[in-house]
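A closer look at the structure
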Amino acid sequence: AAGVIQSPRHLIKEKRETATLKCYPIPRHDTVYWYQQGPGQDPQFLISFYEKMQSDKGSIPDRFSAQQFSDYHSELNMSSLELGDSALYFCASSFESSGRTYEQYFGPGTRLTVT
Amino acid sequence: LAKTTQPISMDSYEGQEVNITCSHNNIATNDYITWYQQFPSQGPRFIIQGYKTKVTNEVASLFIPADRKSSTLSLPRVSLSDTAVYYCLVAPRAAGNKLTFGGGTRVLVKP
């Protein structure tokens, strides 16, 4: 079965640079979520989109922005990168119309390292 | 959101049953209990969800007492590949609900 695709899988950036992470949800899934997981920490919700509109926002820094496109893929844009942004970034998707949005499918993650 | 409390870690052996209890004393009427599993460097994976009594699927069972102030995830006959962090989440079953992870249980299955 198709899974959530994230690219790139690994990314190394320097401080103050920008990064763009991409997420391709499972076909027919209409909701995308972004989570950040720092070393030794639990995943933290950043932002979510439903039908290309932002549906919820968590502890996402102002330096970060995200959007969902017409083909339902999503991109997380990160600017002025800081060392503390080094983390695993997960994208998840769900099918809201199924009523099972608590059952989110996570991608393999993008490991961002800021040096 | 209801606060949850789980053991930080548990050790078990292959073939044994593992039971992880999660306390959620201030669970609300419309809250559901959901469990996720996370392997190192992988995204969390949905295991099971329940509201009350017992729920069973091909992976695990979830036991919820009548007062719903706690729940127990039961993993039958674990194998080495069940070594992971297990998260208990309590939240309303609202559409588009974000997942709030906190303080999972690190289960180590030994040979």
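Thresholds applied
- Residues numbered from 1 in each chain as written.
- Chains lettered and ligands numbered in written order.
- Predicted model: local features only at pLDDT ≥ 70, side-chain atom pairs only at ≥ 80, totals over all residues.
- Heavy atoms only, no water.
- Helix = DSSP H or I, 4+ residues; strand = E, 2+ residues; numbered from the N terminus.
- Buried < 20%, exposed > 50% of the residue type's maximum accessible area, 1.4 Å probe, protein only.
- Salt bridge = Lys/Arg side-chain N within 4 Å of Asp/Glu carboxyl O.
- Pairing = 2+ DSSP bridges.
- Axes fitted to C-alpha atoms, helices over the stretch in contact; angles between N-to-C directions.
- Core = buried A, V, L, I, M, F, W, Y, C linked by side-chain atoms within 4.5 Å.
- Contact = heavy atoms within 4.5 Å.

**Quick notes on unusual backbone geometry**
Looking along the chain, the bond that leaves A:Ser7 and enters A:Pro8 is cis, with omega of -10°. Assignment of secondary structure puts A:Pro8 in the loop between strand 1 (5-7) and strand 2 (10-13). Positive phi is not limited to glycine here, since A:Ser80 has a value of about 45°. Assignment of secondary structure puts A:Ser80 in the loop between strand 8 (74-78) and strand 9 (87-94). The class of A:Ser80 is partly exposed, set by a relative accessible area of 39%. Backbone geometry places B:Arg68, a non-glycine residue, at a positive phi of 60°.

**Some thoughts on the pattern of salt bridges**
Residue and element names in this part refer to chain A. Per the counting criterion, the structure on display carries four salt bridges over all chains. For aspartate 85, the salt bridge goes to arginine 63, with nearest N and O atoms at 2.9 Å. With a gap of 22 residues between them, aspartate 85 in the loop between strand 8 and strand 9 and arginine 63 in the loop between strand 6 (53-57) and strand 7 (64-68) connect regions that are remote in the sequence. Of the two residues, aspartate 85 and arginine 63, neither departs from the other in class, the shared state being buried.

**Quick word on the sheet that holds strand 7 of chain A**
Residues and elements named next belong to chain A. An order of 1-3-8-7 is seen for the four strands of this open sheet, with the pairing classed as antiparallel. Edge positions in the sheet fall to strand 1 and strand 7, since each of these pairs with one other strand and no more. This sheet shows a mean twist of 15° between the axes of neighbouring strands, independent of strand direction. With three bridges joining them, strand 1 and strand 3 (residues 19-24) adopt antiparallel strand pairing. When the bridges of strand 3 are listed, glutamine 6 appears paired with cysteine 23.

**A word on the nonpolar core**
The biggest cluster of nonpolar side chains holds 22 residues, and the ones touching the most others in it are A:Leu21, A:Trp34, A:Leu76, A:Met78 and A:Tyr89. Looking at this core, the elements with two or more residues in it are strand 3, strand 4 (31-37), strand 5 (44-50), strand 7, strand 8, strand 9 and strand 11 (110-114) of chain A. Sequence-distant contacts of A:Leu21, that is, excluding residues within four places in its chain, are made with A:Ser7, A:Leu11, A:Trp34, A:Ser74, A:Glu75, A:Leu76, A:Met78, A:Tyr89 and A:Thr110. Membership of the second largest hydrophobic core comes to 21 residues, among which are B:Cys22, B:Leu75, B:Tyr86 and B:Val90.

**Describing the sheet that holds strand 2 (residues 18-23) of chain B**
The strands that make up a sheet are held in pairs by hydrogen bonds between backbone atoms, and each pair lies either parallel or antiparallel. Residue and element names in this part refer to chain B. An order of 2-7-6-5 is seen for the four strands of this open sheet, with the pairing classed as antiparallel. Because the sheet does not close on itself, it has two edges, and the strands there are strand 2 and strand 5 (53-56). Sheet twist, expressed as the average angle between the axes of neighbouring strands with direction ignored, equals 15°. Sheet topology note: the strand 2/strand 7 (residues 70-75) ladder contains six bridges and is antiparallel. Bridging across to strand 7, asparagine 19 finds its partner in serine 74.

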